[in-house]
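Structure assessment
The chain contents come next:
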Amino acid sequence: MLRFVWGQLRGRAGRSVALLAGVLVATTGFVVLTGATTTSRLEVTGAVERNTRAAYDILVRPQGTRTPLEADRGLVRPNYLSGLFGGITPAQYERVKQVPGIDVAAPIAMLGYSTSTVPVRFDVTGAVDRSLEQQVIRLDPTFTAERGLSTAPGSPRYVYVTKRPLLYPEWGADPNDSWFPYSDGRTYRYDPQCGQVPREVLPGGGSEPICDPHLMSQPGNGGLTSERQKWSVDTVRLLPDGRFEANTWLPDRAQRVVTDRLVVTYRVTVPFLLAAVDPDAEQRLVGLRDAVTEGRPLRPDDTTTETSLGPGAIERSIPVLSTSRPYLDVTVRSALTRLPQARPAGLPIDELEQVLSRATRVGAGFEEYALTDGYRDLLAEGLSETGCCMGDLQTVIQAGAPEYERLPDGTLRVVARPPYDPGIYGGQNVLNPRPRPWLADDNGFRPVTALPQPPSGTNLQLRFWRTVGVFDPEKLRGFSDLSRVPLETYEPPRTDGADERSRQALGGRPLEPSGNPAGYLSSPPLLLTSLAAVPTLLAGDATPMRTAPISAIRVRVADVGGYTERSAERVRLIAERIADTTGLDVDLTFGSSPAPQTVELPGGSFGRPELRLTEPWSALGVASVITRAVDRKSVVLFGLVLVVCALFLGNAVSAAVRDRRPELAVLACLGWPARRIAALVLGEVAAVGLAAGLLALGLAFPLAAALDIGIDWRQAALAVPVALLLALVAGLVPALRAAGAHPAAALRPLVAPARWVRRPRSLLGMALVNLVRTPGRTLLGAGALAIGLTALTLVSAAAYAFRGAIVGSLLGDTVSLNVRGADTLAAVVTVLLGAGAVADVLYLNVRDRAAELSTLRAVGWTDAALARLIGYEGLLIGALGALTGAGLGLAGAAWLVGGLPAALVLVAAAVALVGVLVTCLAALVPAAVLRRLPTARLLAEE
C-alpha cells in the first residue's frame with residue numbers, strides 16, 4: 001500500500017505539489033496567525049497590566065453618594081471628591097484600616113472653600129504727571145475669567161497724589177473715642193463720615209481729611225457686597241525726590257513707607273478648597289512629603305492652635321500646605337485715566353463719588369494682572385512672616401455636585417442654577433469684611449451652602465489658616481496617563497473644546513476654573529491640613545461633619561501590581577470585606593481608565609457662550625471588560641482560522657478525488673474493497689499533510705520574524721500534527737465518497753442537471769442554474785468566504801468594543817490600536833483563504849463543464865460572454881458568503897460587545913461589500929482559463 005501511495009503521488013506530481021502547497025499555506029497560515037492572535041492578546045494583557053494601576057484600588061465613600069451615571073454606566077466625573085463633604089466617622093475609618101490585606105488607607109476630609117483674598121497689583125507710576133501739585137489717578141477694572149469669555153466691569157478705584165504733606169492716623173485708636181492721635185503728635189476729632197483717614201496739610205495751616213469709603217465698610221456685610229461694587233480712594237504723597245510716600249498698616253502699628261513705584265493693590269476674593277488628610281498615609285499613597293518645595297511638610301500632630309486676642313476674642317488657626325499651582329483663570333485689566341483737576345480733600349463721603357466721577361479725564365494707558373501672580377505673592381508673604389495668617393475661615397463655602405441631562409447623541413448637558421443668595425458669604429451678625437467673588441453673581445451649576453459659623457457664646461471666635469509649606473501637585477507620584485482617573489485628589493481640572501466653535505471661543509486653550517464655588521469646573525484641594533486639626537476647628541459646629549468629617553477613604557491593596565485575574569479577585573474580596581464591615585459605599589477603581597465625555601455647558605450671564613467640552617471622566621472596570629473581550633475574540637479567531645483552513649483543504653482534496661474518478665472506478669471493477677480505496681486516498685492525503693507540516697515547521701519562524709510576531713517552539717511544533725490532522729479531516733469525506741465509487745461512475749456526467757430550476761433567460765439566471773447543479777461545492781465556497789468575512793466583522797467589532805463598550809476610555813483606545821494590526825492580519829488572510837476557495841470552486845466548475853462551455857463557444861458565444869457568466873457565478877457565491885458572513889459577524893459582535901449598536905450594522909455592511917468585491921476579483925482567474933480550453937478536442941471527445 002505504501003509503495004502504491006508513493007507511486008500515485010510521484011506519478012501525479014503536479015496534483016501532489018498543488019495539494020502540498022494548499023496544505024502548506026493553510027498550516028503555515030494557521031500557525032502564524034494563531035501566533036499573531038496570541039501575540040495580540042499578550043500585547044493587550046501587557047498594556048492592561050502596565051496601565052491599570054492608579055493611585056488607589058478602592059474608593060470608600062459615604063452611603064448613597066453614587067451618582068446615576070456611576071450606577072448606570074460606571075462613569076465618574078473629574079474631581080468628584082471636591083463636591084463631597086463629610087459622611088464617614090473616625091470609627092469607620094479605623095475599621096477600614098483593620099481589614100487584612102490593605103497596604104494604605106488614606107482618608108480625606110473636604111472641609112470647604114476658604115474665602116481668602118489675593119492681591120492684584122497695578123503699577124500706575126507712568127500715569128502720574130509729576131508737574132502737577134495735585135491729581136487723581138482713576139483705575140477702571142474689568143474682571144475676566146474662563147479664557148476671557150466671562151467679563152464684568154468693577155467699580156472705579158482712585159489714587160489721590162499730592163505734593164503737600166500728609167498726616168497719618170496712628171494704629172490702635174478707638175473709633176468710639178471723640179479724639180485720636182495722628183503722626184504729627186496731635187489729636188483730631190473723629191469724623192464719622194470719613195473714619196481714620198489721612199489728612200492733607202493746607203498751605204495756610206490746618207488740615208483736611210481725605211475720605212475713603214473702603215474704610216467705612218461695616219464689619220459683617222462683606223458677603224453682601226460684590227468686589228465689583230467696592231470703590232475706594234488711596235492717598236499718597238509725591239516727594240520732591242520723585243518717590244512716593246504712603247501709610248501701611250502693620251499688625252501692631254502704622255508705618256510710613258517710601259517707594260520708587262506707585263503700586264495700587266486690589267484684594268480679589270478667591271475661594272480655596274481646604275481638605276484635611278493623614279500626612280503619613282498621603283505620603284505612602286502619592287508621596288505628598290516629597291512634593292513639598294518650600295517650608296516644611298505637614299506632620300500628623302499638626303493641630304489647631306488657640307490664641308487670645310484680648311477680652312472676649314479667641315483666634316483659632318490651623319497649619320496648611322498650600323499648592324504652588326492655583327489652577328485659576330482670572331485676570332483683572334484696568335484702564336488708567338488722570339483727573340488733573342480733582343481735589344478730594346475735605347469733601348464729605350456723600351459728595352466725593354459724584355465729584356470724582358464727573359471730573360475731566362486724561363487717558364493714561366492700561367494695566368493687566370493675573371490672579372496666579374497674585375497667588376504667588378500671597379504665598380511669598382505667608383512664608384516670609386512666621387505665624388502670619390494667610391486666610392480666614394469665618395465663612396466656609398461647600399459646593400455640591402452638578403447635575404446632568406443626557407442628550408440623544410450621548411452628550412451630557414449640565415443643569416444650570418440661578419445665582420445663589422449672596423448672604424451665604426456672611427451677614428451683619430458675622431465678622432466677615434470680605435466681599436463675595438465677582439462671579440458669584442453668575443448662574444451656577446452646583447448647589448452651594450455655608451458651613452455654620454462657630455457659636456460665639458461669650459467669646460468672639462476667629463478662624464484662620466496659615467501656610468507652613470508649599471507643595472507642587474505635579475511632583476506627586478505619577479501614574480500612567482491611561483490609568484490617571486479623575487478620582488485622584490490633586491488632578492487639575494482642564495477641559496478642551498469639543499467642536500470648532502468652542503475651540504475658537506477658547507482660543508485653542510483648555511477651560512480652567514474661574515474661582516466661583518458654584519462654577520462648573522471644580523478646583524482640587526489647594527490647601528491641605530492634618531486630620532488632627534479638624535476636631536478643634538469644628539468644635540461647637542452643629543453639623544454632621546463634626547462627628548463624621550471624612551469624605552472618602554482611598555485604599556491601596558497590598559500585593560497587587562498590574563491588572564491580572566488574581567489581583568482583580570483580591571481587590572474585590574477586600575472591597576466586600578470593607579462594605580460588610582462599615583456599611584459604606586465601596587467602588588473598585590482598580591482597572592479604571594480615563595473616558596473622555598462630551599459635556600454641553602450652558603452660557604453664563606457674564607458673556608460666556610454655550611460651550612461643548614471634552615472632559616476627562618473615568619470609566620470604572622475597564623481592564624476587566626478589555627481582557628474578557630480579548631479572550632472571547634481570541635477564541636473566536638482561533639476557531640475561524642481553523643475552520644476556514646479545513647474547508648479550503650477539503651475543497652482541494654475533493655477536487656483531487658473528482659479528478660481520479662475513472663481510476664477509482666477501475667480499481668473498484670478490479671475488486672478493491674471500499675476500505676482499501678478509502679485507505680489509499682487517506683494515505684496520500686496523510687503523506688502530503690505530513691510533508692506540509694514539516695515544511696511549515698521550517699517556514700513558521702522566519703515568516704513570524706518578518707511579520708514581527710512572537711512564536712515559540714511549542715507553537716511551531718504544532719504545525720506537524722495540525723497539518724496531519726487537517727489533511728485527514730479534509731480527506732475523510734472525499735475518501736468515503738471514493739470508497740463508495742460505483743464501477744460505472746466514470747460514465748456519469750461530472751455535473752448533474754438542475755431539474756427544478758426554470759429555463760434561464762439571462763446570463764445571471766444561467767449562472768444561478770450552474771451553481772445549483774453543484775450545491776455542495778457552491779455552499780463550500782460560500783461558507784469559506786463567509787467564515788473569513790465573519791472574522792473580519794469580529795475584528796471590526798472588537799475595535800468598536802474597545803471604543804464603545806468601554807465608553808471611549810483612553811486605555812481601550814490604546815489597546816485597540818495595539819491589537820488591530822495582528823487581528824486585521826488574521827482576518828484579512830482568512831478572507832483571502834475564503835476567496836481562494838471560491839476561486840477554486842469556479843475553476844473546478846470550468847473544468848467539469850469544459851465540454852459545455854466549448855459547445856457554447858462553438859455555437860457563437862464570445863469569450864467575453866463566457867467570462868461574464870463565470871463572473872456572475874462568482875458574484876452570486878460572493879453575495880451568499882457576504883450576507884452569511886455579515887450576519888454571523890453581527891451575531892458574534894453582539895456577543896462580544898454585549899449589544900448591537902447601529903454603527904456595527906454599518907461596519908458589517910462595509911465588510912460584506914468588501915467580500916463581494918474580493919470574490920469578483922477572484923473570479924478573474926478561472927475566467928482567464930476559458931481562453932485556453934481546447935474546444936475542438938473537447939467536442940470530439942463529447
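Residues numbered from 1 in each chain as written. Predicted model: local features only at pLDDT ≥ 70, side-chain atom pairs only at ≥ 80, totals over all residues. Heavy atoms only, no water.

1. Examining the overall build of the chain
From N to C terminus, the chain includes 23 helices and 32 strands. Taken across its 942 residues, the chain has 54% of its residues classed as buried. Long-range contacts, defined as pairs at least 24 residues apart, comprise 79% of the intrachain contacts of the chain with a sequence gap of at least 6. Of the roughly 39,200 Å² of accessible surface on the chain, 58% is carried by carbon and sulfur atoms. (Helix = DSSP H or I, 4+ residues; strand = E, 2+ residues; numbered from the N terminus. Buried < 20%, exposed > 50% of the residue type's maximum accessible area, 1.4 Å probe, protein only. Contact = heavy atoms within 4.5 Å. Areas by Shrake-Rupley, 256 points an atom, 1.4 Å probe, with all protein chains shown as cover.)

2. Side note on the packing of aromatic side chains
One pass over the structure, following the stated rule, counts six aromatic pairs. Ring centres of Phe-122 and Tyr-266 lie 5.6 Å apart, and the angle between their planes is 85 degrees; on these two criteria the pair is classed as edge-to-face. Placement of Phe-122 in strand S3 (residues 102-123) and of Tyr-266 in strand S15 (residues 263-277) is noted, with a sequence separation of 144 residues between them. Classification of Tyr-266 as buried rests on a relative accessible area of 9%. Taken together, the ring pairs in this structure connect Phe-143, Trp-438 and Phe-606 into an aromatic cluster. One Lys or Arg, Arg-157, reaches over the ring of Tyr-266 and ends 5.2 Å from the middle of that ring. (Phe/Tyr/Trp six-rings, centres within 6.5 Å; stacked < 30°, edge-to-face > 60°. Lys NZ or Arg CZ within 6 Å of the ring centre and 35° of its normal.)

3. Remarks on the side chain of Thr-235
With respect to the helices and strands, Thr-235 occurs in strand S12 (residues 232-238). Take Thr-235: its relative accessible area is 10%, and that puts it in the buried class. When residues no more than four places from it in sequence are discounted, the contact partners of Thr-235 are Tyr-160, Leu-166, Pro-198, Ile-210 and Ala-246.

4. Digging into the sheet that holds strand S10 (residues 199-201)
Pairing between the strands of a sheet comes from backbone hydrogen bonds, and it takes one of two forms, parallel or antiparallel. The sheet built from three strands is open, its strands ordered S7-S10-S11 with antiparallel pairing. The open sheet is flanked by strand S7 (166-167) and strand S11 (207-209), the only strands paired with a single partner. Sheet topology note: the S10/S11 ladder contains three bridges and is antiparallel. Considered in S11, the bridge of Arg-199 is made with Pro-209. (Pairing = 2+ DSSP bridges.)

5. Here's the deal with the pattern of salt bridges
Counting across every chain of the model gives 27 salt bridges. In this structure, the salt-bridge partner of Asp-234 is Arg-157, at a minimum N-O distance of 2.9 Å. Here Asp-234, found in strand S12, pairs with Arg-157, found in strand S6 (residues 157-162); they are 77 residues apart in sequence, far enough to count as distant. The exposure class assigned to Asp-234 is partly exposed, which follows from its relative accessible area of 22%. (Salt bridge = Lys/Arg side-chain N within 4 Å of Asp/Glu carboxyl O.)

6. Focus: unusual backbone geometry
Positive phi, close to 60 degrees, is recorded for Arg-147, a residue that is not glycine. Following the sequence through the fold, Arg-147 ends up in the loop between strand S4 (134-145) and strand S5 (150-153). Positioned with a positive phi, Tyr-327 is a non-glycine residue whose angle comes to about 55 degrees. Mapped onto the secondary structure, Tyr-327 falls in the loop between strand S18 (313-323) and strand S19 (330-339).

7. Some words on the nonpolar core
Leu-139, Val-161, Phe-272 and Leu-528 are the most contacted members of the largest nonpolar core, which totals 90 residues. The contact partners of Leu-528, leaving out residues within four places of it in the chain, are Leu-274, Ala-275, Val-277, Leu-288, Leu-298, Pro-319, Val-320, Leu-321, Phe-471 and Tyr-490. Ranked by size, the runner-up nonpolar core spans 21 residues in total, among them Val-96, Val-99, Ile-102 and Val-557. (Core = buried A, V, L, I, M, F, W, Y, C linked by side-chain atoms within 4.5 Å.)

8. A few points about a nonpolar patch on the surface
Residues Leu-732, Val-733 and Leu-736 make up a contiguous nonpolar surface patch of about 290 Å² in total accessible area. Looking at where Val-733 falls in the secondary structure, it is placed in helix H15 (residues 719-739). With relative accessibility at 54%, the residue Val-733 sits in the exposed group. (Patch = residues over 30% accessible without salt bridge, like charges linked within 9 Å, V, L, I, M, F, W, Y side chains within 5 Å.)

9. Some remarks on the confidence of the model for the chain
Per-residue confidence for the chain averages 76 on the pLDDT scale, and 69% of its residues sit at or above 70. Predicted confidence is poor over residues 479-484, with pLDDT under 50, and the contacts of this stretch with residues over four places away or in other chains come to 28 contacts. (pLDDT = per-residue confidence, 0-100.)

10. Observations regarding the environment of Val-128
Relative to the helices and strands, Val-128 resides in the loop between S3 and S4. The contact partners of Val-128, leaving out residues within four places of it in the chain, are Gln-135, Ile-137, Val-161, Phe-244, Leu-262 and Arg-338.

11. Overview of the pairing of S15
Most of S15 is tucked away, with twelve of its 15 residues classed as buried. Where S3 meets S15, 15 bridges bridge the pair, whose relative direction is antiparallel. Following the sheet pairing, Met-110 is matched in S15 by Ala-275. Both S15 and strand S28 (residues 527-530) contribute to a ladder of four bridges, which runs parallel. Residue pairing for S28: Leu-274 is matched across the bridge by Leu-527.

12. What about helix H4 (residues 90-97)?
Every buried residue of H4 is accounted for by Gln-92, Tyr-93 and Val-96. Down the axis of H4, the buried side of the element spans an arc of 100 degrees, and every buried residue falls inside it. (Arc of directions from axis to C-beta.)

13. Re helix H5 (residues 279-286)
The buried fraction of H5 amounts to six of the eight residues, a majority that puts the element mostly inside the structure. Buried within H5 we find Pro-279, Ala-281, Glu-282, Gln-283, Leu-285 and Val-286. For H5, the elements touching its buried residues are S3, S15, S28 and strand S29 (552-557). Sitting at the head of H5, Asp-278 places a side-chain oxygen 3.1 Å from the backbone nitrogen of Asp-280. (Polar contact = N/O pair within 3.5 Å; in protein donor to acceptor, adjacent residues only side chain to side chain.)

14. Notes on the side chain of Arg-556
Within the fold, Arg-556 resides in strand S29. Arg-556 gets classed as buried once you look at its relative accessible area, which sits at 15%. From its side chain, Arg-556 meets the backbone oxygen of Leu-285 in a polar contact 3.4 Å long.

15. Considering the environment of Ile-210
Residue placement: Ile-210 occurs in the loop between S11 and S12. Sequence separation between Ile-210 and Gln-196 is 14 residues; the distance between their C-alpha atoms is 9.5 Å.

16. A closer look at the environment of Leu-792
Positionally, Leu-792 belongs in helix H17 (residues 775-805). The exposure class assigned to Leu-792 is buried, which follows from its relative accessible area of 15%. Counting along the chain gives 97 residues from Leu-792 to Gly-889, while the straight-line C-alpha distance between them is 7.8 Å.

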